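Inside the fold
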Amino acid sequence: MRPEPGQVLHFSEDPTIKRFVPHVAPTSIRKESYVWAVGHDRCPDYWFPRACPRAMAWVGPRTTEEDTARIIGAGCGDRVHAVEYRWLQALREVRLYAYRLPAEHFKPIGEPPHAVVSTVPVTPLGPPERVGDLFDLHEEAGIQLRVLPSLWPFWDEVTASTLEFSGIRLRNARR
């Protein structure tokens with residue numbers, strides 16, 4: 001589930017959105033109103049139920065072989081996503097949808113960029129598409145999906161490593 005050229009994606013559990021209007025997201029540290037979406041490379045970050053905490057790490061240009069072997073694992077690809085056991089049922093049952101949006105309205109945000117945003121209302125290019133089985137998506141993309149009792153020990157290792165990383169909804173992770 002990735003955008004085609006000239007598109008970005010917005011993932012949602014709501015299949016009834018007709019128009020995306022800029023707003024301040026309740027989870028955002030930014031005070032500006034945006035419509036949020038992602039490009040090709042960051043789509044896997046959103047192959048989860050919205051509230052599901054996840055810690056993600058991948059090989060980047062500065063990543064050492066030692067960190068790759070230690071955290072991702074030998075022969076395990078170049079990207080790993082971690083979730084907690086208590087979220088497995090939600091991962092199996094969620095009905096997730098992808099909205100295709102015209103990329104022309106969006107600009108990168110973050111350093112390095114982790115998403116794209118629009119400051120004007122955006123109408124989807126068509127009806128939302130059901131994303132499907134999230135485990136299958138990870139497998140097809142070659143992304144290791146790790147299940148842990150708690151994300152925090154993994155997160156501490158990842159953030160102290162040379163891997164690139166992202167954590168989403170970590171406030172919902174078990175302490």
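Before reading on, note that the structure itself is shown above.
Note that the coordinates shown come from a computational prediction; the quantities given were computed from them, not determined experimentally.

Bringing the overall build of the protein chain into the picture now. Counting secondary structure elements, the protein chain contains 4 helices and 10 strands. The order of helices and strands in the protein chain, counted from the N terminus, is β-β-β-α-β-α-β-β-β-β-α-β-α-β. Relative to the 2.2 N^0.38 estimate, which gives 16 Å for 175 residues, the radius of gyration of the protein chain is 16 Å and therefore close to what a compact globule would have. By the burial criterion, 46% of the 175 residues in the protein chain qualify as buried. Expressed as a percentage of contacts within the protein chain between residues at least 6 apart in sequence, the contacts between residues at least 24 apart total 78%.

For the rest of this paragraph, the subject is the sheet that holds strand β6 (residues 107-109). Across the sheet, 3 strands lie side by side as β2-β7-β6; this open sheet has antiparallel pairing. Looking at which strands have only one partner, the edges of the open sheet turn out to be β2 (35-37) and β6. When strand polarity is set aside, the average angle formed by the axes of neighbouring strands in this sheet is 40°. One ladder, built from 3 bridges, connects β6 with strand β7 (residues 115-118); its direction is antiparallel. Residue pairing across strands places I109 opposite A115, the latter belonging to β7.

Counting buried positions along strand β5 (residues 97-102) gives 6 out of 6 residues, so the element sits mostly inside the fold. Here β5 shows two buried faces, one formed by Y97, Y99 and L101 and the other by A98, R100 and P102. Both strand β1 (residues 7-12) and β5 contribute to a ladder of 6 bridges, which runs antiparallel. Looking across to β5, one finds that F11 is bridged to A98. In this sheet, strand β8 (residues 129-130) lies alongside β5 in antiparallel orientation, the contact comprising 2 bridges. For Y97, the partnering residue across the bridge sits in β8 and is R130.

Attention shifts here to the nonpolar core. Residues F11, C43, W47, F48, L91, V131 and L134 are the most contacted members of the largest nonpolar core, which totals 25 residues. Among the secondary structure elements, those contributing two or more residues to this core are β1, β3 (54-58), α2 (88-93), β7 and α3 (134-141). If near-sequence neighbours (up to four positions away) are discounted, F11 is found in contact with M1, V38, C43, Y46, W47, L96, Y97, A98 and V131. I72, A82, L148 and A173 belong to the second largest nonpolar core, which has 15 residues in total.

With that settled, the discussion passes to a negative patch on the surface. Taken together, the side chains of D133, D136, E139 and E140 make up a negatively charged region of the molecular surface. By the element assignment, E140 lies in helix α3.

This paragraph deals with the packing of aromatic side chains. On inspection of all chains with the given rule, the structure shows 3 aromatic pairs. Seen in terms of ring centroids, F20 and Y99 are 5.1 Å apart; in terms of plane orientation they differ by 80°. Their pairing is edge-to-face. Here Y99 lies in strand β5 and F20 lies in the loop between β1 and β2, a separation of 79 residues in the sequence. The exposure class of Y99 is buried, given its relative accessible area of 0%. Between Y34 and W36, the aromatic rings sit 5.6 Å apart at their centres with planes inclined by 85°, giving edge-to-face as the arrangement. The residue whose ring lies beneath R175 is W152, and the NZ or CZ to ring-centre distance is 4.0 Å.

Reading the values: the criteria
Residues numbered from 1 in each chain as written. Predicted model: local features only at pLDDT ≥ 70, side-chain atom pairs only at ≥ 80, totals over all residues. Heavy atoms only, no water. Helix = DSSP H or I, 4+ residues; strand = E, 2+ residues; numbered from the N terminus. Rg over C-alpha atoms; globule rule 2.2 N^0.38 Å. Buried < 20%, exposed > 50% of the residue type's maximum accessible area, 1.4 Å probe, protein only. Contact = heavy atoms within 4.5 Å. Pairing = 2+ DSSP bridges. Axes fitted to C-alpha atoms, helices over the stretch in contact; angles between N-to-C directions. Core = buried A, V, L, I, M, F, W, Y, C linked by side-chain atoms within 4.5 Å. Patch = residues over 30% accessible without salt bridge, like charges linked within 9 Å, V, L, I, M, F, W, Y side chains within 5 Å. Areas by Shrake-Rupley, 256 points an atom, 1.4 Å probe, with all protein chains shown as cover. Salt bridge = Lys/Arg side-chain N within 4 Å of Asp/Glu carboxyl O. Lys, Arg positive; Asp, Glu negative; His and termini not counted. Charge placed at Lys NZ, Arg CZ, Asp CG, Glu CD. Phe/Tyr/Trp six-rings, centres within 6.5 Å; stacked < 30°, edge-to-face > 60°. Lys NZ or Arg CZ within 6 Å of the ring centre and 35° of its normal.

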